[in-house]
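# What the coordinates show
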Amino acid sequence: MQITIVAGARPNFIKIAPIIKEIEKKKNEGYDLNYRLVHTGQHYDKKLSATFFDELSIPDPNVNLNVGSGTQAEQTAAIMIGFEKELQAFPTDLVIVVGDVTSTMACSIVAKKLHIKVAHVEAGIRSGDLKMPEEINRMVTDSITDYFFTTSKLANNNLMQLGINEKQIFFVGNVMIDTLLSKEKDFRQPKAWQELNLKSKDYFVLTLHRPSNVDEESHFKNMLNEIITSSRNKPIIFPVHPRTKKILDTLDINFENLHFVEPLSYLEFNYLVKHAFAVLTDSGGITEEATMLNVPCMTFRNSTERPETCDIGTNVLVGSSIEKIKKSFEKLFDGNWKKGAYPELWDGKASERIIEEIIKIYNL
Ligand code: UDP
């Protein structure tokens, strides 16, 4: 069979790496599995794209649609136009999309309109917050997906509540964790470690890039102020997403213990997370990694599509209220942060399960 795998943005690359590895493994065992990898070009900055291909040994994409940046609609349109041409030129039996970025949604629509089956990896998760573009991407993708691969039983329930047939839903675990567990031995110190003389468990890692946190100047500044005030002078390392950089460049933000760095490579970033006192973030994927690495994590959002990171893991939704931020830091410094555990099936074998299911579905 022929599979087309789509990836467009940073978190996608981490998710497709183990799926591709598993397809290649099964192909070598003699299964009729072939794939084409399509990079939509949604992220094109070397630090958000190429480094992940190198570090995670992802083969070069067969094609890059080079859509570049633009508004939500501009990117969606460019991806759809490019991907339709791709599928017409290279017919396929199944399109695999991962996660919740614009490419995920745009490519699933194109595939479905060409009557091609769609598999969605990380299906069924919901934050309930329709102001997040990702939530719309999740809803649209899941409304036309044929095979739903999920990271939690809660995601299965969300899908069943939408009336999706249980037979189309496969609880397989978390491909992001497949990558984390297989690469943990290769994590390496970023340059900043020596430069800033960092000590294990004695600094924070901060990432912020959600529009709800960074787009409004006074909100962003107040939040940063409270984080700095509460941090008791421990170094805070902030790898700045290009989206956030554009905004930061217009603000005058300067604190002695706040260190801006470029986006880090996967192996460097997760080294920092693993050895951090705590992670401060508004990312989704990072809350899963902090959970698996057993590092306290504060999420500056009011909702999460990954509730297991809070119910089972080390993550706490802190929102953006100054009072709540202050209280959370106090809890952390008092040594009262909850102990986390590992969510079910986050065991490094999700990709294996996905490909096994595909082999069964297609009778290979
Ligand atoms: N990440 C990275 N370098 C960084 C920041 C994040 O490699 O400087 C990785 C991180 O380990 C995680 C992924 O990027 O695997 C999360 O991406 P992002 O926060 O952009 O997306 P989200 O998960 O919020 O959709």
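Report on the accompanying structure.

What counts and how
- Residues numbered from 1 in each chain as written.
- Predicted model: local features only at pLDDT ≥ 70, side-chain atom pairs only at ≥ 80, totals over all residues.
- Heavy atoms only, no water.
- 1 Å grid on protein atoms, 1.4 Å probe; cavity = no way out; pocket = protein on both sides within 12 Å on 5 of 7 lines; lining within 4 Å.
- Points joined across faces, edges and corners; volume = space filled by probe spheres on them.
- Helix = DSSP H or I, 4+ residues; strand = E, 2+ residues; numbered from the N terminus.
- Nonpolar A, V, L, I, M, F, W, Y, C, P; charged D, E, K, R; others polar.
- Salt bridge = Lys/Arg side-chain N within 4 Å of Asp/Glu carboxyl O.
- Near = heavy atom within 4 Å.
- Polar contact = N/O pair within 3.5 Å; in protein donor to acceptor, adjacent residues only side chain to side chain.
- Areas by Shrake-Rupley, 256 points an atom, 1.4 Å probe, with all protein chains shown as cover.

### Focus on the layout of surface pockets
- When its volume is computed, the second largest pocket comes out at roughly 270 Å³.
- For the lining of the second largest pocket, the element with the highest residue contribution is helix α8 (residues 191–195), accounting for three residues.
- When the residues that make up the lining of the second largest pocket are grouped by side-chain class, the tally is five nonpolar, two polar and six charged.

### Digging into the pattern of salt bridges
- All chains considered together, the criterion is met by 28 salt bridges.
- A salt bridge links Arg-126 to Asp-142, with the shortest nitrogen-to-oxygen separation between them at 2.9 Å. Linking Arg-126 in the loop between β5 (117–121) and α5 (133–144) with Asp-142 in helix α5, this pair joins segments that are 16 residues apart in sequence.
- Here the residues in one salt-bridge network are Lys-15, Asp-100, Glu-122, Glu-135, Arg-138, Glu-288, Arg-301, Glu-305 and Arg-306, joined through shared partners.

### So, the site of the ligand
- Contacts to the ligand come from 19 residues, most closely from Arg-10, Leu-264, Ser-283, Gly-285 and Glu-289.
- In this structure, an oxygen atom belonging to the ligand sits 2.9 Å away from a side-chain N or O atom of Arg-10.
- A distance of 2.8 Å separates an oxygen atom of the ligand from a polar atom in the side chain of Ser-283.
- Burial of the ligand by the surrounding chains reaches 97%, relative to a free accessible area of 540 Å².
- Broken down by secondary-structure element, the contributors of at least two residues to the shell around the ligand are α1 (10–28), α12 (266–274) and α13 (285–292).
- Partitioned by chemical class, the residues of the shell around the ligand number 10 nonpolar, six polar and three charged.

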